[in-house]
Amino acid sequence: NATEPNLRKNWVMALNDQSVKGRAFLVVLDSVGIGGAPDADQYFNGDLPDTGSNTFGHIAQACADGLAEEGRSGPLNIPNLATLGIFHAEALANGRAFDGAPATGTWGAAEEVSRGKDTPSGHWELAGLPVPWDWHYFPDETPAFPDQVTRAICEIANVDGILSNSHASGTGVIDEFGAAHMQTGQPICYTSIDSVLQIAAHEETFGLERLLDLCERLAPMVHAMKLGRVIARPFMGEPGNFERTPHRCDYAITPPAPVLSNWFQDAGRHVYAIGKIGDIFSMQGFNEVRKGTDAQLMQHLDDLVSDAVEGSLTFANFVEFDSQYGHRRDVSGYARHLEWFDSEIGGMIARLGPDDIMVFTADHGNDPTWIGTNHTRERVPVIIAGGKAKELGHIGFVDVAAIVSAHLGISA
């Protein structure tokens with residue numbers, strides 16, 4: 001009798017435990033879009049629509065043209081992703097035929113339907129849930145935040161004011177207001193064209209735990225406004241030499257329905273989160289969460305290729321493509337990071353089991369050749385190692401969740 005929910009869940013878990021073979025690794029290269037979004041004209045950086053933005057394609061072209069020579073040189077060198085089909089996917093996204101050897105992996109280009117070009121929108125939809133509402137955004141004016149939000153920040157942090165209160169870039173705002181923050185104790189609060197409120201504070205003079213407590217307690221208030229995230233942005237150093245630390249924490253609104261990680265857990269499977277994935281989904285649906293810099297995250301991924309249990313899902317995000325290079329419009333740095341990533345994953349792909357798949361994708365674009373410092377609305381690659389080589393064609397973000405769940409017999 002499997003009619004009662006708990007009995008049915010136990011029955012499904014027992015069935016899966018006896019029959020599962022293979023694992024799934026879903027790896028998000030944060031912001032590695034491939035251009036071609038049909039609605040890019042509805043999204044902007046300043047007054048310029050995102051039409052024609054192409055993060056991966058423009059980086060590859062800059063490398064080929066000798067315009068990305070800082071710390072590297074020559075054409076973009078990513079043999080593993082190239083062989084699997086990332087150049088094929090970029091050509092498809094932009095309506096071109098790829099002039100080269102056939103890909104060895106499964107490849108396609110995914111299009112988003114959610115109204116946003118930010119982290120929650122992309123990740124929720126990749127995990128099977130298009131965002132069912134319009135996000136709230138703060139206006140590009142000073143002050144950017146309504147009085148009730150500013151008052152709440154001051155009350156929670158026990159301060160008499162906040163700094164910035166505007167749209168700003170993360171590194172620039174720390175350089176501009178860091179000294180005043182250390183003198184006054186007032187947190188640096190800023191936003192962007194994304195549905196986000198970011199709070200920067202010095203780990204020593206303000207306190208890391210105090211910053212995290214502030215963001216966690218503020219989050220429910222702004223989530224009720226349908227703001228996607230409150231992000232803690234701790235930094236260290238002295239005026240003229242500030243540097244953000246890896247202790248960033250995202251307090252994201254909880255998805256209103258089950259997503260990929262929940263589907264796996266409900267079927268009795270083990271789910272690993274690498275990077276900010278746990279934060280994006282409010283820590284719901286994960287058995288283990290592993291954080292760190294991208295270099296540390298790569299080691300976590302390598303460890304799980306060796307150790308992740310049969311039937312499991314590993315969901316990873318490598319954020320530094322976006323945070324270190326996209327927003328900073330650093331073409332050479334972005335190219336270096338792609339080449340580093342590619343060199344690291346080659347050995348992991350070779351160690352995948354016969355029933356494993358590793359899916360590489362992205363959540364949005366952040367074209368370092370584009371105007372401004374914000375995300376760009378783009379299609380994203382879907383490149384799969386494991387199984388037979390084939391072309392997926394044009395698919396939706398939600399199809400990524402369908403591919404991963406179907407591979408291991410999980411019902412959405």
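Source: prediction; values computed, not measured. (Residues numbered from 1 in each chain as written. Predicted model: local features only at pLDDT ≥ 70, side-chain atom pairs only at ≥ 80, totals over all residues. Heavy atoms only, no water.)

Colleague: Whenever I open this one, the overall build of the chain confuses me. Can you help?
Modeller: Along the chain, the regular secondary structure elements total 14 helices and 16 strands. For a compact globule of 412 residues, the expected C-alpha radius of gyration is about 22 Å, and the chain comes in at 21 Å, within 12% of that figure. Per-residue burial over the chain gives 57% buried out of 412 residues. Contacts spanning at least 24 positions in sequence make up 70% of the contacts within the chain whose residues lie at least 6 apart. When the accessible surface of the chain is split by element, carbon and sulfur atoms take 49% of a total near 16,500 Å². Charge separation in the chain, taken as the distance between the mean sites of 28 positive and 54 negative side-chain charges, equals 5 Å. (Helix = DSSP H or I, 4+ residues; strand = E, 2+ residues; numbered from the N terminus. Rg over C-alpha atoms; globule rule 2.2 N^0.38 Å. Buried < 20%, exposed > 50% of the residue type's maximum accessible area, 1.4 Å probe, protein only. Contact = heavy atoms within 4.5 Å. Areas by Shrake-Rupley, 256 points an atom, 1.4 Å probe, with all protein chains shown as cover. Lys, Arg positive; Asp, Glu negative; His and termini not counted. Charge placed at Lys NZ, Arg CZ, Asp CG, Glu CD.)

Colleague: Honestly, the confidence of the model for the chain in this entry has me stumped. Any pointers?
Modeller: Reading predicted coordinates in detail is not appropriate for stretches of low pLDDT. Here the chain shows a mean pLDDT of 94. Residues at 70 or above account for 95%. Note on residues 1–18: pLDDT under 50 across the span, and 10 contacts to partners over four residues away in sequence or across chains. (pLDDT = per-residue confidence, 0-100.)

Colleague: Quick question: what am I supposed to make of the pairing of strand β10 (residues 249–252) here?
Modeller: Two faces belong to every sheet, and in a regular strand the side chains alternate between them. The alternating pattern of β10 places Cys 249 and Tyr 251 on one face and Asp 250 and Ala 252 on the opposite face, and all of these are buried. Two strands pair when backbone bridges link them, and strand β8 (residues 229–238) and β10 are joined in this way by four bridges, in the antiparallel orientation. Residue pairing in the sheet places Ile 231 in a bridge with Asp 250 of β10. (Pairing = 2+ DSSP bridges.)

Colleague: Would you mind showing me how to read the packing of aromatic side chains here?
Modeller: When we look at a pair of aromatic rings, we describe it by the centre distance and by the angle of the planes. Taken as a whole and judged by the stated rule, the model has 12 aromatic pairs. Taking 5.8 Å as the distance between ring centres and 40° as the angle between the ring planes, the aromatic pair formed by Phe 281 and Phe 315 counts as tilted. Taken together, the residues Phe 281 in the loop between α10 (277–280) and β12 (288–290) and Phe 315 in strand β13 (residues 313–318) connect sequence positions 34 residues apart. By relative accessible area, which is 1% here, Phe 281 ends up buried. On the basis of relative accessible area, Phe 315 is assigned to the buried category, the value being 1%. An aromatic cluster of three or more residues is present, and its members are Phe 318, Phe 321, Tyr 334, Phe 341 and Phe 360. The positively charged end of Arg 210 is found above the aromatic ring belonging to Phe 206, 4.0 Å away from the centroid. If you follow Lys 226 out to its NZ or CZ, it ends over the ring of Trp 133, 4.8 Å from the centre. (Phe/Tyr/Trp six-rings, centres within 6.5 Å; stacked < 30°, edge-to-face > 60°. Lys NZ or Arg CZ within 6 Å of the ring centre and 35° of its normal.)

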